[in-house]
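Structural description and commentary
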2 protein chains.
Amino acid sequence: MKQETRKEEIVRVAAKLFKEKGYSAVTMRDLAKAMGIKAASLYNHINSKQDILNAIIISLAEDFTEGMSMIQSTNDSCINKLKKIIELHVKISSQNIYGMASLNNDWMHLEGKLSYYQKLRTDYEEDFRAILKDGIISGEIVDAKPDVMLFSILTTLRSLYIWIPKKEDLDLEDLSNTLNQILIKGINK
Amino acid sequence: MKQETRKEEIVRVAAKLFKEKGYSAVTMRDLAKAMGIKAASLYNHINSKQDILNAIIISLAEDFTEGMSMIQSTNDSCINKLKKIIELHVKISSQNIYGMASLNNDWMHLEGKLSYYQKLRTDYEEDFRAILKDGIISGEIVDAKPDVMLFSILTTLRSLYIWIPKKEDLDLEDLSNTLNQILIKGINK
DNA sequence: CTTGTAAACTAACAAGTGTTAGTTTGTTTC
DNA sequence: GAAACAAACTAACACTTGTTAGTTTACAAG
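These numbers come from a predicted model, not from an experiment. (Residues numbered from 1 in each chain as written. Chains lettered and ligands numbered in written order. Predicted model: local features only at pLDDT ≥ 70, side-chain atom pairs only at ≥ 80, totals over all residues.)

Right, let's talk about the overall build of chain A for a bit. Along the backbone of chain A there are nine helices and zero strands. Listed N to C, the secondary structure of chain A is α-α-α-α-α-α-α-α-α in terms of helices and strands. Seen through its principal axes, chain A has C-alpha atoms that stretch 60 × 35 × 30 Å. Across the 189 residues that make up chain A, the buried fraction comes to 33%. Looking at chain A alone, contacts between residues at least 24 apart form 74% of all its contacts between residues at least 6 apart. (Helix = DSSP H or I, 4+ residues; strand = E, 2+ residues; numbered from the N terminus. Buried ≥ 20, exposed ≤ 12 C-beta atoms within 10 Å, placed from the backbone. Contact = placed C-beta atoms within 7 Å.)

Below, the structure is given as structure tokens:
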């Protein structure tokens, strides 16, 4: 187990605060208090408030990009690729609940790396949509609007960070399977 | 067509700004600039920044509560009730895109009416869950975890405000139908 | 013992925050 | 024309914001 640096600890605590109130509403003094130090002391470890947000969001966004590229490189069926995407979201979200909140709600406050983030996000969505379209063409997936499918599935997956913490003793594999069933097969009997 | 009061205009413009940057990041000077007046002049029409947020969120939350209670009072099948819930979300969201963003992202900054809002939200979710459970018991709906179903469907519906504006010449009835198909019947062929 | 380093501190700054007080301007009502 | 009102204005307030500068403390390495 790698030891957490002080900077990583600050980023972790910041993410937790950002989840509760959002980036703009959390002050450096709030963060310092949560760390048990004074605001000025934070700057021994981080360069700016912006830096913290960058650290949270960019690394997560890159995790998703990497995961998608792994999935794309397989020869799986589209339905199986979707299953793997669901597992990817469950895994990353459960490992970084607080960060996912920033990723979803505070990305617009990125200053230096906003456009980089937006490119990662757009590319991810396009890759996702391509898988859906392939599935429609091959007949694996029903011929409905891929945009609406993408929106519906991705929105659900992106919001896992809200939902996972509400469930105690949650079995992640079980959650993936249930999501897979509901998102793919629907709820109709 | 009822004439919009100055206060309503301020609330409407504020909601637009809140959607882009979030409640905390929008200053009264930002809002004033968007209105073409000075910040102090806003206070001829509103009591506080908080008041604006309240006006946006509470009225929307009450719209949903009202809609749910209409749907509950019918003798429709569960699947039909779900269809009506989808239509309710499409209707309210499309009529108030900006307000829906605040409802989703800025509710935690409510000060006076936070607990009232939370009650409305919780009650809505419970009513929704009850419909799903009824459907499972009556055999209309597949016997999967109702919590996960609720999460998946409601998350999608709550995020419509992000997605609707991206589509030009969007037919709302068409959107409702497509959502109904994807959410209820899934994407599997 | 000296030196180096990590990590905290106090004090302060310039800019920005929501808001209030008091005033001015233009339009409508009698 | 006087009175009333809606809606803007200027000026200022007390407080909070992110951040910097300079200093102190504790501990480890030579």
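With 33 residues of chain A at the contact, the number on the chain B side is 32 residues. When contributions to the side of chain A that touches chain B are tallied by element, the ones reaching two or more residues are α1 (6-21), α7 (146-158) and α9 (172-185) of chain A. Broken down by class, the residue content of the side of chain A that touches chain B amounts to 14 nonpolar, 13 polar and six charged. (Nonpolar A, V, L, I, M, F, W, Y, C, P; charged D, E, K, R; others polar.)

All names here are of chain A. Two elements in contact, α1 and helix α5 (residues 97-105), have axes whose closest approach is 8 Å; the angle formed by their N-to-C orientations is 55 degrees. Judged by the angle between their axes, α1 and α5 are oblique. The handedness of the crossing between α1 and α5 is left-handed. When α1 is examined against α5, the residues Ala15, Lys16, Phe18 and Lys19 are found in contact with a partner set consisting of Tyr98, Gly99, Ala101 and Ser102. Within the contact of α1 with α5, the residues separate by chemical class into four nonpolar, two polar and two charged. (Axes fitted to C-alpha atoms, helices over the stretch in contact; angles between N-to-C directions. Parallel < 35°, antiparallel > 145°, perpendicular 65-115°, else oblique. Left-handed = near helix turned anticlockwise from the far one by under 90°.)

Attention now goes to the protein's contact with DNA strand C. The full set close to DNA strand C counts 15 residues, and Lys38(A), Ala40(A), Thr27(B), Ala40(B) and Ser48(B) are the nearest of them. Among the elements of the structure, α2 (28-35), α3 (39-42) and α4 (49-72) of chain B are those that each provide at least two residues to the surface near DNA strand C. For the surface near DNA strand C, the class distribution of residues is six nonpolar, five polar and four charged. (Near = placed C-beta within 6 Å.)

Around DNA strand D sit 15 residues, and of these Thr27(A), Ala40(A), Ser48(A), Lys38(B) and Ala40(B) come closest. For the surface near DNA strand D, the secondary structure elements donating two or more residues are α2 (28-35) and α3 (49-72) of chain A together with α3 of chain B. When the residues that make up the surface near DNA strand D are grouped by side-chain class, the tally is six nonpolar, five polar and four charged.

Time to look at the relation of the copies chain A and chain B. Note on the identical chains: chain A maps onto chain B by a rotation of 180 degrees and an axial translation of 0.0 Å, with an RMSD of 0.0 Å. Taken together, the rotation and translation describe the operation of a two-fold axis. Taking the C-alpha atom as reference, chain A places Gly186(A) closest to the rotation axis, 1.7 Å from it. The overlap is high: 97% of the interface residues of chain A also sit at the interface in chain B, so the same surface is used on both sides. (Least-squares fit on C-alpha atoms with pLDDT ≥ 70 in both.)

This brings us to helix α1 (residues 6-21) of chain B. What sets the pattern is the α-helix's 3.6 residues per turn: residues three or four places apart point alike. Residue and element names in this part refer to chain B. Look at α1: 23 Å from first C-alpha to last across 16 residues, which is about the 22 Å you get at 1.5 Å a residue. Looking only at α1, the buried set comprises Ile10, Val11, Ala14, Ala15, Leu17, Phe18 and Lys19. Structurally, α1 contributes buried residues whose contacts are with α2, α3, α4 and α6 (97-105). Looking at the residues trailing α1, positive phi occurs at Gly22, about 90 degrees. (Expected span 1.5 Å × (residues − 1).)

Our next topic: the nonpolar core. Formed by 94 residues in total, the largest nonpolar core has its most connected members in Ala14(A), Phe18(A), Ile56(A), Ile57(A), Ala14(B), Ile56(B) and Ile57(B). Beyond its immediate sequence surroundings of up to four residues, Phe18(A) is in contact with Tyr23(A), Val26(A), Tyr98(A), Ala101(A), Ser102(A) and Asp106(A). (Core = buried A, V, L, I, M, F, W, Y, C linked by C-beta atoms within 7 Å.)

Attention shifts here to the packing of α3(A) against helix α6 (residues 114-138) of chain A. Residue and element names in this part refer to chain A. Relative orientation of the contacting elements α3 and α6 amounts to 25 degrees, with a least axis distance of 10 Å. Taken together, the axes of α3 and α6 are roughly parallel relative to one another. For the pair α3 and α6, the sense of crossing is left-handed. Here α3 contributes Ile57, Ile58, Ala61, Glu62, Phe64, Thr65, Met68 and Gln72 to the contact with α6, which in turn contributes Tyr117, Leu120, Arg121, Asp123, Tyr124 and Asp127. Partitioned by chemical class, the residues of the contact of α3 with α6 number eight nonpolar, two polar and four charged.

All right, on to the environment of Ala39(B) then. Residues and elements named next belong to chain B. Looking at the element boundaries, Ala39 is found in helix α3. The partly exposed category is assigned to Ala39, around which 14 C-beta atoms lie within 10 Å. Separated by 35 residues in sequence, Ala39 and Thr74 have C-alpha atoms that sit 48 Å apart. If we skip the residues at most four places from it in the chain, Ala39 touches Met28, Arg29 and Ala32.

Residues and elements named next belong to chain A. The residue Leu160 is located in helix α8 (residues 160-163) in this model. Separated by 66 residues in the primary sequence, Leu160 and Ser94 have C-alpha atoms spaced 8.0 Å apart. Apart from the residues within four sequence positions on either side, Leu160 is in contact with His89, Val90 and Ser93.

Honestly, it's all geometry; don't read function into it.
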